[in-house]
Amino acid sequence: MLVLAGGLYLYHAADNFEYEDVSGRIGPDAWPKIILFLMLVTALWGIVSSAMSGDAVASDVIVESEQDVALISPPEIHPWLVWLTVGSTLAYLLLLPIIGFFIATVTFIVALMYLGQYRKPVRAAMLSVAIAFAFMFLFMRVVYVALPLGIPPFEDVSYALMTAMGVH
Amino acid sequence: MAFINLMHGFVQVFQPFNMLVLFIGLLVGMAVSIMPGLGLVMGVVLALPFTYRMAIEPSVILLTAIYFAGTYAGCFSAILYRIPGEPMDVPMLWDGYTMARRGAPAKALGWALVAALIGGLVSSTVMVALAGPMSEVALKFDSPDYFAAVFFGLTTAVALASKSMVNSLISLCVGLLVSTIGIDSIYGTERFTFGVPILRDGVQLVEVLVGMYGLGEVLARIGQGLRIQQPQEMTQKVGTQFPTLRELIAIRITLLRSTIIGTLLGIVPGAGATVTAFISYGIEKQYGRRRQAMGTGIPEGIVAPQVGATASVAGHMIPLLILGLPGSGATAVILAAFLLHGVQPGPMLLEDPSTTLMVNTILASMFASVLGMCLLGFFWIRVVIKVLTVPQGILSAIVVLFCLVGAYANRSSMSDVWMIVVFGVLGYLFEKFKFPISPMVLGAVLGPIGETAFMRTMIGNGNDWTAFFTGSISGPLMAASVLALAYPLFHRLLAARRRTHPVGTTTGH
């Protein structure tokens, strides 16, 4: 239903593309409309077939036992951890230009390790400093990428580390 | 002439920097394929940012080496510890692990190594030999033919990607729609930007690939609790025992059959190493001389999926180089590497003297990758397998950081990183709701090529859509596409009919 609603909205948006019409030529809306039409038909087909069969219809192109499937793709048990990780990532991206790459990354890695159920605080802190330093070195010294330095006073930390790495 | 060019390619591969890159690629490929939750596509994705500052040859050598090694090393953990690093390693549990449990782990590893070596080398030889003729055919491609080739690629990807055709098609449509975001190249019209400035440039391929395959996969793993089965006997001595020549001759039909299946399925877009491994195993189980014994730890059960998986890589690489059409997630990333270096793969690559050496270097690196991964597999198993002891919490933090910083490194743009998060969440939701990711990614990659060919054909033929069906190349390709789409439906109807009327029951009089 969500796909159907989204598809209809996008079809409406495609109908309102602004362009200069050339007679006898298809416009820039033609291709997206074909895709959206296919998507809407597929969504309808999915709704109808699941209503008729009461369950998703599965093919047996690849036959796997339930045990094997569980080994490769275990069921989700902590959905809230996923959204906490997404939240941490968004906070990291917001803080990155302010507190600079190194400090933001150290904090972010500690958070990620905690969310990844690594519960050794001292080792996690030491590892996160080492990983952030290694990334800074790799990208600034080897790949020559200008990572965000932050604003004062945080940028002083970035400059000090850059000097230690020999990055100018 | 082609052989001499290939030899020139080998000379380039053996340059110190290229050799170093190849070695690193093989190690990375082995490590990511052993570790559940990473996988070869993620390995290729994570390596992509390091290619930005490299020349095109070492860039593609690095990614190709990861791709090849990724189809092989997962067998170590599957055979020794019953931990499949990738879905493609699942068939290895049935006979490989069983053989190891029966007291012959070294022999099982030896069979897998020989299978990877033979599958990789034979398939690479066949595909390199076919590259020239394929290029000749590709040069004759017109707009309708290109559209038909893209259409065929997308339909087979949909047909093979998932258990649910509906989900595959929707995934494909999402990918195709993503590729239309931004300013249209023919009319200069803004499409689906909704006034958001960062969408005006369109969505970068790197954002889709890194977000969907990298961040999305980590998010899904975090939701699953980042659990992996810990190996019980990590301290056990791991070695490799090669099969004898007599043993090899005894399974020659399996080797031949699986190599042919792997190479042919490699050419078919969407049939990645996983599908090929399962199909090779399934065919061996159905038609093999010792089909009754499959699953009890016999060499055929190890050789068939391993040969198929490794052989499929060469099969994927040639259509990418000659037609510019990727057939799998990993080749989509390699295409992105080409495009980031301003090189458009296609038939002209082999014809143009300025790019001939580059193509032959890449072709030669396929052979070097196969040989290198087998050598590393033989000597370094004990070292590589240690990757299983790295805590998942640390590993996922490093992967997330690689995704974000890698995306930033492309254009030093924070908006790219924000887009990674968007596609990462989308990738997680796809995984959660069982929508396959590969049709979406292939749609995003092939969408612009398909749209350009579609628009050119329609404008050039006065909006006559029958042009796609009447060409000598496009017609058969479109027919094959219809068959590819119809096959799963037909298969499903047949299965439903069997369920309604089971064999051995009567329905009436």
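A. Molecular detail of the overall build of chain A. Scanning chain A for helices and strands turns up seven helices and zero strands. Listed N to C, the secondary structure of chain A is α-α-α-α-α-α-α in terms of helices and strands. Counting across all 168 residues of chain A, residues that qualify as buried make up 31%. Counted over contacts in chain A with a minimum sequence separation of 6, partners at least 24 positions apart contribute 58%.

B. Quick peek at the overall build of chain B. Regarding its fold elements, chain B presents 22 helices and two strands. Taken against the 2.2 N^0.38 rule, which gives 23 Å for 509 residues, the C-alpha radius of gyration of chain B at 23 Å falls within 12% of a compact globule. Principal-axis analysis of the C-alpha atoms places the extent of chain B at approximately 75 × 65 × 55 Å. In chain B, which comprises 509 residues, the proportion classed as buried is 63%. Taking all contacts inside chain B whose residues are at least 6 apart in sequence as the whole, residues at least 24 apart take part in 79%.

C. The interface of chain A and chain B, seen in detail. Facing 59 residues of chain A, the contacting portion of chain B comprises 62 residues. Residue assignment for the side of chain A that touches chain B shows that the elements contributing at least two residues are α1 (2–15), α2 (30–53), α3 (66–72), α4 (79–99), α5 (101–115) and α6 (121–142) of chain A. The element that contributes the greatest number of residues to the side of chain A that touches chain B is α2(A), accounting for nine residues. Residue composition of the side of chain A that touches chain B, grouped by class: 42 nonpolar, 11 polar and six charged.

D. The nonpolar core, seen in detail. Membership of the largest hydrophobic core comes to 223 residues, with the highest contact counts inside it found for Val44(B), Ile79(B), Leu209(B) and Val333(B). Sort the elements by how many residues they give to this core and helix α7 (residues 105–139) of chain B lands first, with 15 residues. A domain-level breakdown of this core finds at least three residues from each of domain 1 (2–58) and domain 2 (79–165) of chain A. Setting aside residues no more than four positions away along its own chain, Val44(B) makes contact with Leu63(B), Ile66(B), Tyr67(B), Ala330(B) and Val333(B).

E. Structural context of the domain arrangement of chain A. What the domain assignment reports for chain A is domain 1 (2–58) and domain 2 (79–165). Centre-to-centre, using C-alpha coordinates, domain 1 of chain A lies 42 Å away from domain 2 of chain A.

F. Summary view of unusual backbone geometry. In the segment running from Pro152(A) into Pro153(A), the intervening peptide bond is cis, with an omega of 0 degrees. Turning to its location among the elements, Pro153(A) is positioned in the loop between α6 and α7 (154–165). Its identity as a non-glycine residue notwithstanding, Gln117(A) has a phi of 65 degrees, on the positive side. Classification of Gln117(A) as partly exposed rests on a count of 16 C-beta atoms within 10 Å. Even without being glycine, Asn463(B) reaches a positive phi, approximately 60 degrees. With respect to the helices and strands, Asn463(B) occurs in the loop between α20 (437–460) and α21 (467–470). Owing to 13 C-beta atoms within 10 Å, Asn463(B) belongs among the partly exposed residues under this scheme.

G. Structural context of the packing of helix α4 (residues 56–70) of chain B against helix α15 (residues 329–340) of chain B. All names here are of chain B. Where α4 meets α15, the closest approach of the two axes is 10 Å, and the angle between their N-to-C directions is 170 degrees. Comparing their axes, α15 and α4 come out roughly antiparallel. In this structure, α4 uses Ile56, Ser59, Val60, Leu63, Thr64 and Tyr67 to contact α15, whose residues at the interface are Ala330, Val333, Ile334, Ala337 and Phe338. Taken together, the residues of the contact of α4 with α15 sort by class into nine nonpolar, two polar and no charged.

H. Up close: the environment of Cys75(B). Along the chain, the position of Cys75(B) falls in helix α5 (residues 74–81). Separated by 36 residues in sequence, Cys75(B) and Trp111(B) place their C-alpha atoms 10 Å apart.

I. Structural view of the packing of α5(A) against helix α18 (residues 392–411) of chain B. Here α5(A) crosses α18(B) at 135 degrees, and the two axes come no closer than 8 Å. Classed by the angle they form, the pair α5(A) and α18(B) counts as oblique. Handedness of the crossing formed by α5(A) with α18(B): right-handed. Of α18(B), the residues touching α5(A) (which contributes Thr105(A), Ile109(A), Leu112(A) and Met113(A)) are Gly393(B), Ile394(B), Ser396(B), Ala397(B), Val400(B) and Leu401(B).

J. Looking closely at the environment of Phe278(B). Its place among the elements puts Phe278(B) in helix α13 (residues 273–287). Considered as a pair, Phe278(B) and Gln306(B) are 28 residues apart in the sequence and their alpha carbons are 9.7 Å apart.

K. Region of interest: the environment of Trp111(B). All names here are of chain B. Its place among the elements puts Trp111 in helix α7. In this structure, the C-alpha to C-alpha distance between Trp111 and Met419, residues 308 residues apart in sequence, is 44 Å. Setting aside residues no more than four positions away along its own chain, Trp111 makes contact with Pro243, Pro299, Ile302 and Val303.

L. Quick peek at α7(A). Under the 1.5 Å per step criterion, the end-to-end length of α7(A) is 17 Å for 12 residues, consistent within 8% with the ideal 16 Å. At the exit of α7(A) stands Gly166(A), carrying a positive phi of roughly 80 degrees.

M. Expanded view of the confidence of the model for chain A. Across chain A, the average pLDDT comes to 84, with 88% of residues at 70 or higher. For residues 56–63 of chain A, every residue scores under 50 in pLDDT, and the model assigns this stretch 15 contacts once sequence neighbours within four places are set aside.

Thresholds applied
- Residues numbered from 1 in each chain as written.
- Chains lettered and ligands numbered in written order.
- Predicted model: local features only at pLDDT ≥ 70, side-chain atom pairs only at ≥ 80, totals over all residues.
- Helix = DSSP H or I, 4+ residues; strand = E, 2+ residues; numbered from the N terminus.
- Buried ≥ 20, exposed ≤ 12 C-beta atoms within 10 Å, placed from the backbone.
- Contact = placed C-beta atoms within 7 Å.
- Rg over C-alpha atoms; globule rule 2.2 N^0.38 Å.
- Nonpolar A, V, L, I, M, F, W, Y, C, P; charged D, E, K, R; others polar.
- Core = buried A, V, L, I, M, F, W, Y, C linked by C-beta atoms within 7 Å.
- Domains from an automatic or database assignment.
- Axes fitted to C-alpha atoms, helices over the stretch in contact; angles between N-to-C directions.
- Parallel < 35°, antiparallel > 145°, perpendicular 65-115°, else oblique.
- Left-handed = near helix turned anticlockwise from the far one by under 90°.
- Expected span 1.5 Å × (residues − 1).
- pLDDT = per-residue confidence, 0-100.

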